[in-house]
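Topology and contacts: notes
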Amino acid sequence: DLHGPDGSGKSTLAAAVAHRLDLNHFPDGVLFLTGHVEHQDLLQALFDSFYQSSSPVKITARHVSTYLCNLRALVILDDVGLSPKQIDPVLDALNGSAVLVVNPEWTAVGRGQAVSLKGLPRQEAIALFQKGYPEQSPLVEQLCAVLNDIPLSVASIAALASEGHGSLQKLFNELREHKPWAGPGGDLSIGPALEQMVLTLDETDRQLLSLSAAFGGGHVASETLRNLTQLPSVDFEQRIERLRRLRLLQPVQARSRRTSASCMALPPAYLDAVRHWLVRDEARRAVVNYYVTQLNQDKQLPGTELFNLIGAVQDCAQNGWMDALKLLVRAAERALAQLGWWAEWQHVLDLTRRAAQANGDGVLEAWAVHQLGTLSGALGEFEHAFRRLRTALNMRQAAGDETGAALSARNLEALQSLAPAPQVIPPPPPTAAPPPPPPEQTADASPAPTVPARAGWKRRLKYSLMTLLALLVLATGAFAAWRVWGNGAGDDVAALTVHWEFGDAWNAYDNETWTQQILIVAKGGQGDHTYRVNGEPAGEMFEMTLPLCEGATGLIEVESSDGQTAQVDYAFDSPFCR
C-alpha cells in the first residue's frame, strides 16, 4: 500500500517501481489500472485483462478468484477509489500476485506492507525547484517549506517564478497566507500552488483549463479542445504550452488503437479541484453538446471516451438537461454492457431514474426502472428484478406506453422461466418414529476443475461453467445473450440479511451542505421487502443532506413479506470537511 497526499509523486513512483522490477518474477505480466471504478467492475476488468473468450463473459464475485488466484502478475491499482472494505475481496482474488495499491489514504489496512509517501527531502525539493528556476536565492528553501516539499507544487511554483509573476518574496508571502478551503484540492498539499497559478491565468486560459476538466475522464484530444475554443492554431498551441509548463495540463497517450491523436489531461491531483471550483455550466454544456453532435452524426465513440461520456451523463442529470440525457445514457449503457461493468451501469441507470423523477419525465423514469429490473434479473437478483419490472410495467400502462409495457411484460414472462422455483417443504410426518438410515452413497473423489497455471499475458478460456441467459434490453429493446458465471441459486428459503453500501456523495455549490446516498442491500426472505430508516419508511436507496462537516448514525430495518426482520446500524463521516 503506497499512500500519501495529492501531488506527492505516488503514481510516478509506482510506474518507476514497475519498470525496475525483475519481470521474470511475473510471468503473467504487469497490469496498471487507474481511475475510480466500482469494486465489482474492477474484478471484471481484472478478469478481462488476463482472459479471452469467444463471447462476452460476465464474471461474478463468487467465482472470480477461481480465475485470478493462480496468476503470477504485478497489478498496480492507482487511485481506483476503493475503501478498505472494498479492496479486501480484490486482494483475496489476487492472492497469487503482487499488488500495489496507490491511494491518498491508507486503503489495504492490515494487508501487506504500507508505505507513507510525504514530501521530498528538503535538499531534493530545492534541487527540483532550481530545475525550473535556476537562479540562486535563500527564499527557495522557504518556498519549499511552505509547499511541504510536495513535488507537484514545488515544480509548478518554480515554473510560475520563472515567468516573472512577481518576486520570490511576493510568492512566498502569498503562499504563506493561503487559507485552506473545504472541498477538493483545499488542503495544504496542492491548494496554495493551484490557487497561485489560477490567479495568473487570463480568461481564455481559464476557459481552456475549464473545458479540459469538464471532460469527466480528464482526457481530451487536443484537436477537440481547439475546436471547442475556436482559437487560432498558433494561439492555441502557445496557451497549451504555458499550461503544460505550469503542470496544469500534461500530454497523455491516446488509449485507443484506432487513433494516434494527441491528448491532454489535468494531473489527477488537480482534476477534482479544478472541476469543482472552475468548471461552470457553459463548459459542461459545451462537452454535452459535443457528444450529442457526435452521436447524432452516428459516430462510434471509442472506448477511451467512456469515462468522459459518463461524466456528461452526470452533468445532464444534475442540471436537468433531459433531451441530451436520453441520448447519452443509451450510448453509455451500451458501452458499459459490452465491458461487463454492470455496477457502473446500475449507477448510471439509477442516476437517470432520479433525474427523470425530479424533472417529471415519467416515460424516461419507467424506461430506467425497466432497465434496472432487467439488469437485476441478469445478475440473478430475482426479487429486485420482479419488483422493478412490475413497477415499470405499471408505470408504462398508466402512461399509455403500449410498446414499453409489452417489453416489460415480455421480460417478466422470460424472467419467470429463469428464476428458481421455490422449494415446497413437506409437512412433518405424523409419527415420531426415527427415519430409516439413508442408503449408502458413493462419493465422487475427483477434484473440481481448476484453471491451469499456464504462463502468458492472456489466457484463452477453453471450457465453460454454468451459463445463464441474461436479459439485457438496450435501447433497441433487443435481447443480448451473455454468459453469467457463478449465479447458482439454492432452493431453500434463506434467512433475511441486510447491509448497506455507499452510493454517490456530493457537496452543494455553496459549500455549506453535502449529501450522501445509501443503498440498502437486503437478501433472503420471501416476497417484497419494506424498509425503514430511523423508524421512518424509506426506499431501497435513500439520501441524507447534512451540514458540510457533519456525519450521521442511525438504524436501518428491513422486513420481508414472510415476516422475517433484520436490522443494521449505519455510520459515516463527511468526506468534504478538512
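A few points on the structure. (Residues numbered from 1 in each chain as written. Predicted model: local features only at pLDDT ≥ 70, side-chain atom pairs only at ≥ 80, totals over all residues. Heavy atoms only, no water.)

**Focus: the pattern of salt bridges**
Going through the model one piece at a time under the given rule, you end up with 21 salt bridges. Arginine 284 serves as the salt-bridge partner of aspartate 281, at 3.8 Å between the closest nitrogen and oxygen. Of this pair, aspartate 281 and arginine 284 both sit in helix α14 (residues 281-296), three residues apart, which is roughly one turn of that helix. The partner of lysine 326 in a salt bridge is aspartate 361, and the shortest N-O contact between them spans 3.2 Å. Here aspartate 361 lies in the loop between α17 (342-358) and α18 (362-378) and lysine 326 lies in helix α16 (residues 322-339), a separation of 35 residues in the sequence. Lysine 326 sits in the partly exposed class, given a relative accessible area of 30%. Look at aspartate 361 and you get buried, because its relative accessible area is 14%. (Salt bridge = Lys/Arg side-chain N within 4 Å of Asp/Glu carboxyl O. Helix = DSSP H or I, 4+ residues; strand = E, 2+ residues; numbered from the N terminus. Buried < 20%, exposed > 50% of the residue type's maximum accessible area, 1.4 Å probe, protein only.)

**Focus: helix α13 (residues 268-277)**
Each α-helix turn comprises 3.6 residues. Residues three or four places apart therefore point the same way. With seven of its ten residues buried, α13 lies for the most part within the structure. Taken together, the buried positions of α13 are occupied by Ala269, Tyr270, Leu271, Ala273, Val274, Arg275 and His276.

**Some points on the pairing of strand β2 (residues 30-34)**
Residue alternation in β2 divides its side chains into a buried set, Leu31 and Leu33, and an unburied set, Val30, Phe32 and Thr34. In this structure, β2 lies alongside strand β5 (residues 74-78), joined through five bridges in parallel fashion. When the bridges of β5 are listed, valine 30 appears paired with leucine 74. (Pairing = 2+ DSSP bridges.)

**Describing the sheet that holds strand β18 (residues 552-560)**
Pairing is antiparallel across the open sheet formed by four strands, whose spatial order is β16-β15-β18-β19. Strands at the two margins of the open sheet, each flanked by one partner only, are β16 (536-538) and β19 (565-572). The sheet shows a mean angle of 30 degrees between the axes of neighbouring strands, taken without regard to direction. The sheet contact formed by β18 and β19 spans eight bridges and is antiparallel. Opposite valine 558, over in β19, you have alanine 566 as the bridge partner. (Axes fitted to C-alpha atoms, helices over the stretch in contact; angles between N-to-C directions.)

Read these as spatial facts, not as claims about activity.
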